[in-house]
Amino acid sequence: RYAFYVRNICNGTNYSSWSSALVFNTKCLDVQVPYQEFFDDYGTSIASSDNVFPPCWTKTGNGMSAISNLQHQPYFTAPGALFLSHNANQYEYVSTPLLQDSLSKLQVHFLGKFDDLNRSVDVGVMTNPSDTSSFTLIETIHARTRVWNEYVIPLTSYTGTGQYLSFRSQGA
């Protein structure tokens, strides 16, 4: 992520004021495995308009995905956690950056917590994280308790070409 500033040269000795910072990101590189993400390095926010989200991760859908803070959702490691939140008629997909290895050789290991025992999260793979129709379901995680649980999901059953690990949450 880079920021730059611009100003005019009005004549040989006079310059305009510097602009506000303009920010851009370079192209995301493929991620090598093993890959870990704790969601602790991006700040925290519960407002979807704050755009607090890991670089190169993708969120798609009609719900709100944000990195939550302690005021709204407890985290397992401070200060952040991936928080999926939406209403009954909404859905969302959150996808990793492009992973270099064949996903069928990998497993997903994460800690998860549900506030609503009627919810579930689907773990799958996408060929295009911006296209929800490219989602292939690997396993559905159903809420068991309102405490943190460890989940390990082997991807050995996946035979497609997708390289984005994705989490899908849908309204009840």
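Residues numbered from 1 in each chain as written. Predicted model: local features only at pLDDT ≥ 70, side-chain atom pairs only at ≥ 80, totals over all residues. Heavy atoms only, no water.

Notes on the pairing of strand β8 (residues 120-126)
The side chains of a regular strand alternate between the sheet's two faces.
Stage number 1. The buried count for β8 comes to 6 of 7 residues, which makes it a mostly enclosed element.
Stage number 2. Here β8 runs beside strand β9 (residues 135-142); their pairing, made up of 7 bridges, is antiparallel. Each bridged residue has a counterpart across the sheet, and for Ser-120 the counterpart in β9 is His-142.
Stage number 3. Sheet topology places β8 next to strand β11 (residues 164-170); 5 bridges connect them, and they run antiparallel. In the sheet register, Val-125 faces β11, and the bridge partner there is Leu-165. (Buried < 20%, exposed > 50% of the residue type's maximum accessible area, 1.4 Å probe, protein only. Helix = DSSP H or I, 4+ residues; strand = E, 2+ residues; numbered from the N terminus. Pairing = 2+ DSSP bridges.)

Quick notes on the side chain of Ser-134
Stage number 1. Looking at the element boundaries, Ser-134 is found in the loop between β8 and β9.
Stage number 2. Judged by relative accessible area, Ser-134 falls into the buried class, the value being 11%.
Stage number 3. A polar side-chain atom of Ser-134 sits 3.5 Å from the main-chain amide nitrogen of Thr-127. (Polar contact = N/O pair within 3.5 Å; in protein donor to acceptor, adjacent residues only side chain to side chain.)

A closer look at the packing of aromatic side chains
Stage number 1. The full count for this structure, using the stated rule, is 4 aromatic pairs.
Stage number 2. Between the aromatic rings of Tyr-93 and Phe-135, the centroid separation amounts to 5.4 Å while the plane-to-plane angle is 70 degrees, which identifies the pairing as edge-to-face. Here Phe-135 lies in strand β9 and Tyr-93 lies in strand β6 (residues 91-95), a separation of 42 residues in the sequence.
Stage number 3. Tyr-93 gets classed as buried once you look at its relative accessible area, which sits at 7%.
Stage number 4. Taking relative accessible area as the criterion, Phe-135 reaches 12% and is therefore assigned buried.
Stage number 5. Seen from their ring centres, Phe-110 and Phe-167 are 5.5 Å apart, and the 85 degrees between their planes marks the pair as edge-to-face. Of this pair, Phe-110 sits in strand β7 (residues 107-112) while Phe-167 is found in strand β11, placing the two residues 57 residues apart along the sequence. Neither residue differs from the other here; Phe-110 and Phe-167 are each classed as buried. (Phe/Tyr/Trp six-rings, centres within 6.5 Å; stacked < 30°, edge-to-face > 60°.)

Functional significance is not addressed by these values, which are geometric in nature.
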